[in-house]
Amino acid sequence: LSFAVLYERFTRRDITASMVCMFGGTVMNTAMSQTIPGHLEDFPVDQVIALSDDIFRNPGFAAYIVTWVVLFVICFYVISVVPSQNMAKPFAVPLMVGLLRALFHFMSKIMVTILMRSKDPEVWNDPNTAKVIVFTSILYVLTVYAMSEGNLQLSARFFVPAMFVASQ
């Protein structure tokens, strides 16, 4: 993509590294689906609804949210205010993408769990169901936009590996 859109020159080493990354990602995703039994098939709906009601009372999740917000604000400040010659910007852009992808991953698990139980009337009676679906959709658009901007602002040779490191 960067070769065709951004006209970057790729050496054999770049192509080999990209192939290793793609192969590793494929193996990782294949192995992960084999090690998780039951993948949300028997998760009770009432626990999902209780999770959405009690999530902010959990101290671990509250600490995660505070850390996420602080890192997001720092990244946003560095990306929008700090000049592009500063060394912090190439680290802030992939970190921002990693933060958005982490939150999208978390919310998409909740959304998929809810939608797998969509035949249960309890799911659609809860007002949080629509909020989760809308918020996850917005996160998806923001994540794709941030990844596109990162590819435009930084060299793809740097951004793509850094984005995967920040996301994992």
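Residue positions are given per chain, counted from 1 along the sequence in the order it is written. For this predicted model, a pLDDT threshold of at least 70 governs which residues receive local features, and a threshold of 80 or more governs which side-chain atom pairs are given and counted, while totals over whole chains, interfaces and linings are taken from all residues. Only hydrogens and water are removed before side-chain values are computed, so all heavy atoms of the structure are retained for them.

Visitor: When you look at the packing of aromatic side chains in this model, what are you seeing that I'm missing?
Guide: Ring pairs shown here join Phe, Tyr and Trp side chains whose ring centres sit within 6.5 Å, with only the six-membered ring taken for Trp; geometry is labelled stacked below 30 degrees between planes, edge-to-face above 60, and tilted in between. Applying the stated criterion to the full structure yields two aromatic pairs. The interplanar angle of 10° and the centroid separation of 5.0 Å between the aromatic rings of Trp68 and Phe72 together place this pair among those described as stacked. Of the two residues, Trp68 and Phe72 both sit in helix H4 (residues 59–80), four residues apart, roughly one turn of that helix. Look at Phe104 and Tyr140: their rings are 5.7 Å apart centre to centre, the planes differ by 45°, and that puts the pair in the tilted class. Placement of Phe104 in helix H5 (residues 89–116) and of Tyr140 in helix H7 (residues 128–153) is noted, with a sequence separation of 36 residues between them. Helix and strand labels come from DSSP, where a helix needs a run of H or I of at least four residues and a strand needs a run of E of at least two; each type is numbered from the N terminus.

Visitor: When you look at the side chain of Thr143 in this model, what are you seeing that I'm missing?
Guide: Looking at the element boundaries, Thr143 is found in helix H7. Three labels apply to residues, based on accessible area from a 1.4 Å probe with only protein chains included: buried if under 20% of the type maximum, exposed if over 50%, partly exposed otherwise in between. Given a relative accessible area of 5%, Thr143 falls into the buried group. A polar side-chain atom of Thr143 sits 2.7 Å from the main-chain carbonyl oxygen of Leu139. Residues adjacent in sequence count toward polar contacts only when both atoms are side-chain atoms; beyond that, a polar contact is any pair of N or O atoms within 3.5 Å, and within protein one must be able to donate a hydrogen and the other to accept it.

Visitor: Is there a simple way to explain the nonpolar core in this structure?
Guide: For soluble globular proteins, nonpolar side chains are generally found buried alongside one another. To qualify as a nonpolar core, a set must consist of buried Ala, Val, Leu, Ile, Met, Phe, Trp, Tyr and Cys residues joined through side-chain atoms within 4.5 Å. With 22 residues, the main nonpolar core has Leu100, Val132 and Phe159 as its most contacted residues. Counting only elements with at least two residues in this core, the list comes to H4, H5, H7 and helix H8 (156–167). With 11 residues, H5 is the single largest residue contributor to this core. By definition, residues are in contact when any of their heavy atoms lie within 4.5 Å. Setting aside residues no more than four positions away along its own chain, Leu100 makes contact with Trp68, Phe72, Leu139, Leu142, Thr143 and Ala146.

Visitor: Whenever I open this one, a nonpolar patch on the surface confuses me. Can you help?
Guide: Each patch is built from residues that are more than 30% exposed by relative accessible area and take part in no salt bridge. Like charges join if they lie within 9 Å; nonpolar side chains (Val, Leu, Ile, Met, Phe, Trp, Tyr) join within 5 Å. In this description, accessible areas are obtained by the Shrake-Rupley approach with a 1.4 Å probe, and a residue is regarded as covered only by the protein chains that are shown. We define a salt bridge as a side-chain nitrogen of Lys or Arg found within 4 Å of a carboxyl oxygen belonging to Asp or Glu. A contiguous nonpolar patch, built from Val66, Val70, Leu71, Ile74 and Leu95 and spanning about 380 Å² of accessible area, is present on the exposed surface. Sorting elements by how many residues they give to the nonpolar patch places H4 first, with four residues.

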